[in-house]
Number of protein chains: 2
Amino acid sequence: MTRKESSRNGSIGLVKTHSVTFSGADSVLHLESGNTLHPLTVAYETYGELSSEKDNAILVCHALSGDAHAAGYHTRNPREKPGWWDLMIGPGKPLDTNRYFVVCSNFLGGCKGTTGPADIDPATGRRYGLKFPFYTVKDMVKVQKWLLDYLGIEKLLAVTGGSLGGMQVLQWSISYPEKIKGAIPIAATARLSPQAIAFNEVARQAIMSDPSWNYGLYEPDMQPESGLALARMIAHITYLSEKAMLRKFSRRMINGTEPGFKLEADFQVESYLHHQGSTFVKRFDANTYLYITRAMDYFDLHQEYGNLKKAFEPCTGSFLVISFTSDWLFPPAQSQELVKALRQAGQNVSYCNIGSDQGHDAFLLPGNRLGDVLSGFLTRLEKES
Amino acid sequence: MTRKESSRNGSIGLVKTHSVTFSGADSVLHLESGNTLHPLTVAYETYGELSSEKDNAILVCHALSGDAHAAGYHTRNPREKPGWWDLMIGPGKPLDTNRYFVVCSNFLGGCKGTTGPADIDPATGRRYGLKFPFYTVKDMVKVQKWLLDYLGIEKLLAVTGGSLGGMQVLQWSISYPEKIKGAIPIAATARLSPQAIAFNEVARQAIMSDPSWNYGLYEPDMQPESGLALARMIAHITYLSEKAMLRKFSRRMINGTEPGFKLEADFQVESYLHHQGSTFVKRFDANTYLYITRAMDYFDLHQEYGNLKKAFEPCTGSFLVISFTSDWLFPPAQSQELVKALRQAGQNVSYCNIGSDQGHDAFLLPGNRLGDVLSGFLTRLEKES
């Protein structure tokens, strides 16, 4: 192990993103919106080894701005940041790659390797843009199922993910109950509140108001950066809590302590948001942002299945529902609603409301008990017959 | 009384906005930013009659998007909406115009008659735009003091207002303690939280990202409507509560119950926000929005006076601090911090945390106990010697 590698303590190390293209005549994807997609490429990563009994696979579902790269590093560049859930996935970590085979794929309609609005439409030779069909969380889960079939995984030990990832977990437990032993929705909800829809809508308006958006017809290097950055800034406020912002920034100025009497960033919280916005536009596609937020808005298990109890009746696995006390975007009450409905539907469910001032993003951050809670539940799951 | 007038039940009726221009050599306004303004016009309205003892005057301070027109109507048009606090001001209402002489002025730097960024700079003959000097809540209060001097009011029975209006109330009690018998800050704070600054900043970015903004150099009929509307939409989310949005809109669609699979407004909460945005741009100036939100950001009684107790030590009147349980923009804890500091400073203070699911905007809405609380306190104030 080189020095650089040893500084990446506890990481799975170098990993690669793989991809598979479903192009056979039998692999036309029928979407909930009534449209079809074909062919379809899925980007994914795996960590650890699938056991000979094929009983140690865990599917990790990513959130809005995530991708297949959940753990480890793609290069030896010591400045590279690891995958988005490196905190949880790796040797000796809660999703212990010495014991589990962890799979993460970029979801349908993402912009990180799986077919989405930023890709070339083979029918026209041009980027899909707004010609890409609308897709739902259920569609995303269907594509993940295709991937697992391709990988030869018949049953998952567990499926987990936070935020939009947690929505996918819930949909997995309903769409393919026989395929999962355990489901762990984190900071999730059965449906967005109107307030969360409102925040998605102002973020979309930020993008669509940017003249560079041009009704989705922009070149990859000419995307509506200003609008997308603003969308990210708005959303980022909702990922933190008031208390976390107070702890991180208080009302500190960038320079000194006196008001600068200017419109440019003067408070540290402002420059932090600007930084969040400007780094996001380098790694994300604006049209994709529109589609994914719409998929979140439309997700509604109450509406789709009549009520939440009915939605969960077909489930068979064990559930661990996790929320964070300071999450005001997907508040604990929404997780508690899931727990109540799961119990009414006769499911085996544990619930943990983790104390944290980190807001919705707590599932991505150190400093809370998520890791312990996850590893405890996974160990229990392994022992279940 | 005509039929139309009688339908305006309990209103003060027809009112006019007056204005006064301070143009004398002794009326150069020295601002906290170090700049000066001269001449200065102030738009104001009054309701009721000043008593011969001049002891019944109440100053009402408006919030971000308010103006001098706090009560009554400007025309006989039956479709006209009354002033922004008509609910509270009028004959027999909590601010009873049969008993009190109520004054409301557009604050310094507003765009509703008082000199501000949207006005012509007499030095250049062109609109101020970004040449307008930055102003603070303390500057606003200084100008209100000029107006009261002009109106011959030596001492106010009370000064009141909500949100940014409440900040002005607090500044009044510190800047001119001998001039007020009672102070009623409503849904106010001694300083914005970093979260509130963050929301102001994304709203400003929405305006400044609109190419029509043109660094503030736009013609009145060519202002950055899209950016200003978006700013208002963002802010409006913070004025409501999650619960109020759930009650008002739930997840109802505009048409039917099924997802429309489109980017245009599909949920009622979206079209509501669009309506809020598009009506706002007809009545408000984009540059002014930038300046006022900055004045809010910079307001910090802790920082300015060393600490909050010290800030309130010079006060002499009675205080009634009012918050609303569901206000998450200026949360009750911030009002409770005011109450604690006022008590430590030896002030006479009452506190009322009014139960409401209406969020920050509750002070503008019927359906809560604000009116009762206000009229009770005013009656008590009258009796105080």
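Residues numbered from 1 in each chain as written. Chains lettered and ligands numbered in written order. Predicted model: local features only at pLDDT ≥ 70, side-chain atom pairs only at ≥ 80, totals over all residues. Heavy atoms only, no water.

1. Structural notes on the overall build of chain A
So, step 1. In terms of regular secondary structure, chain A is built from twelve helices and 14 strands.
So, step 2. Its C-alpha atoms give chain A a radius of gyration of 21 Å, near enough to 21 Å, the size a compact globule of 385 residues would have.
So, step 3. On the principal axes, the C-alpha backbone points of chain A span a range of 65 × 55 × 50 Å.
So, step 4. Classification of the 385 residues of chain A by burial places 61% in the buried group.
So, step 5. When contacts within chain A are restricted to residue pairs at least 6 apart in sequence, those whose partners lie at least 24 apart make up 73%.
So, step 6. Working note: accessible area of chain A is about 15,000 Å², and carbon and sulfur atoms make up 49% of it.
So, step 7. Computing the positive centroid from 39 side-chain charges and the negative centroid from 39, chain A places the two 4 Å apart. (Helix = DSSP H or I, 4+ residues; strand = E, 2+ residues; numbered from the N terminus. Rg over C-alpha atoms; globule rule 2.2 N^0.38 Å. Buried < 20%, exposed > 50% of the residue type's maximum accessible area, 1.4 Å probe, protein only. Contact = heavy atoms within 4.5 Å. Areas by Shrake-Rupley, 256 points an atom, 1.4 Å probe, with all protein chains shown as cover. Lys, Arg positive; Asp, Glu negative; His and termini not counted. Charge placed at Lys NZ, Arg CZ, Asp CG, Glu CD.)

2. Section: the nonpolar core
So, step 1. In terms of nonpolar packing, the biggest core is built from 198 residues, with Trp 172, Tyr 289 and Phe 312 of chain A together with Trp 172, Tyr 289 and Phe 312 of chain B touching the most fellow members.
So, step 2. Beyond its immediate chain neighbours, meaning those up to four positions away, Tyr 289 of chain B contacts Leu 64, Ala 203, Ile 207, Leu 228, Ala 231, Ala 235, Tyr 239, Phe 280 and Phe 284 of chain B.
So, step 3. Membership of the second largest hydrophobic core comes to 33 residues, among which are Leu 95, Leu 157, Ile 186 and Phe 324 of chain B. (Core = buried A, V, L, I, M, F, W, Y, C linked by side-chain atoms within 4.5 Å.)

3. Describing the relation of the copies chain A and chain B
So, step 1. Superposing chain A onto chain B takes a rotation of 180° combined with a translation of 0.0 Å along the rotation axis, leaving an RMSD of 0.0 Å. Within this description, the copies of the chain are treated as partners about a two-fold rotation axis.
So, step 2. Comparing interface residues between copies, 100% of those in chain A also sit at the interface in chain B, which points to an isologous, same-surface contact. (Least-squares fit on C-alpha atoms with pLDDT ≥ 70 in both.)

4. A word on the sheet that holds strand 4 (residues 40-47) of chain B
Note on sheets: strands pair through backbone hydrogen bonds, and any given pair is parallel or antiparallel.
Residue and element names in this part refer to chain B.
So, step 1. Here we have eight strands laid out as an open sheet, ordered 1-4-8-5-11-12-13-14, and mixed in their pairing. With one partner strand each, in any of the chains shown, strand 1 (18-22) and strand 14 (348-354) form the two edges of the open sheet. Across the sheet, the mean angle from the axis of one strand to that of its neighbour is 20°, orientation sign disregarded. (Pairing = 2+ DSSP bridges. Axes fitted to C-alpha atoms, helices over the stretch in contact; angles between N-to-C directions.)

5. A short note on the sheet that holds strand 14 (residues 348-354) of chain A
All names here are of chain A.
So, step 1. Sheet architecture is open: eight strands sit in the order 1-4-8-5-11-12-13-14, paired in mixed fashion. Strand pairing shows two members of the sheet lacking a second neighbour, strand 1 (18-22) and strand 14, which therefore form its edges. Pairs of neighbouring strands in the sheet enclose a mean axial angle of 20°, with direction left out of account.
So, step 2. Bridging between strand 5 (residues 57-61) and strand 11 (residues 156-162) involves four bridges; their strand directions are parallel. Looking across to strand 11, one finds that Val 60 is bridged to Thr 160.
So, step 3. Sheet strands touched by helix 3 (residues 164-175): strand 5, strand 11, strand 12 (180-186) and strand 13 (318-324). Its angle to strand 11, the strand with the most contacts, is close to 145°.

6. A word on unusual backbone geometry
So, step 1. Here the bond from His 38 of chain A into Pro 39 of chain A is cis, since omega is -5°, no more than 30 degrees from zero.
So, step 2. Mapped onto the fold, Pro 39 of chain A is located in the loop between strand 3 (36-37) and strand 4 (40-47).
So, step 3. We note that Tyr 215 of chain B has phi near 55°; this positive angle belongs to a residue other than glycine.
So, step 4. Mapped onto the elements of the fold, Tyr 215 of chain B is located in the loop between helix 4 (194-208) and helix 5 (225-239).
So, step 5. We classify Tyr 215 of chain B as exposed; its relative accessible area is 64%.

7. With respect to the pairing of strand 12 of chain A
Residues and elements named next belong to chain A.
So, step 1. By the criterion of burial, strand 12 is predominantly enclosed, with six of the seven residues buried.
So, step 2. By the bridge criterion, six bridges tie strand 11 to strand 12 in an arrangement that is parallel. Bridged to Val 159 within strand 12 is Ala 183.
So, step 3. Traced from strand 11 through helix 3 to strand 12, the parallel crossover comes out right-handed. (Right-handed = clockwise from strand over helix to strand, strands pointing away.)

8. So, the interface of chain A and chain B
So, step 1. In this complex, chain A contributes 58 residues to the contact, which on the side of chain B involves 58 residues.
So, step 2. Together chain A and chain B conceal approximately 4,800 Å² of surface at their shared face, both sides included; 69% is due to carbon and sulfur atoms.
So, step 3. Of all residues in chain A, Arg 251, Phe 261 and Leu 263 of chain A bury the most surface against chain B, accounting for 18% of the area lost on that side.
So, step 4. Put simply, chain A and chain B have six salt bridges between them.
So, step 5. Of the charged contacts in the structure, one is a salt bridge between Arg 204 of chain A and Glu 270 of chain B, with a shortest N-O distance of 2.8 Å.
So, step 6. When residues of the side of chain A that touches chain B are traced back to their parent elements, those giving at least two are helix 4 (194-208), helix 5 (225-239), helix 6 (242-248), helix 7 (268-283) and helix 8 (286-298) of chain A. (Buried area = accessible area lost by both parts, 1.4 Å probe. Salt bridge = Lys/Arg side-chain N within 4 Å of Asp/Glu carboxyl O.)

9. A word on the pattern of salt bridges
Side-chain pairs of opposite charge can arise whenever the charged atoms involved come near each other.
All names here are of chain A.
So, step 1. Evaluation of the coordinates by the stated rule reveals 32 salt bridges over all chains.
So, step 2. We note a salt bridge from Asp 357 to Arg 247, for which the minimum N-O separation is 2.7 Å. Placement of Asp 357 in the loop between strand 14 and helix 12 (370-383) and of Arg 247 in helix 6 is noted, with a sequence separation of 110 residues between them.
So, step 3. With a relative accessible area of 22%, Asp 357 lands in the partly exposed category.

10. Notes on the domain arrangement of chain A
Residues and elements named next belong to chain A.
So, step 1. Per the domain assignment, the segments of chain A are domain 1 (3-192 + 300-383) and domain 2 (197-293).
So, step 2. The interface of domain 1 with domain 2 comprises 27 residues on the first partner and 29 residues on the second.
So, step 3. On the surface where domain 1 and domain 2 come into contact, there are two salt bridges.
So, step 4. The closest approach of N and O atoms between Arg 127 and Asp 285, which form a salt bridge, is 3.8 Å. (Domains from an automatic or database assignment.)

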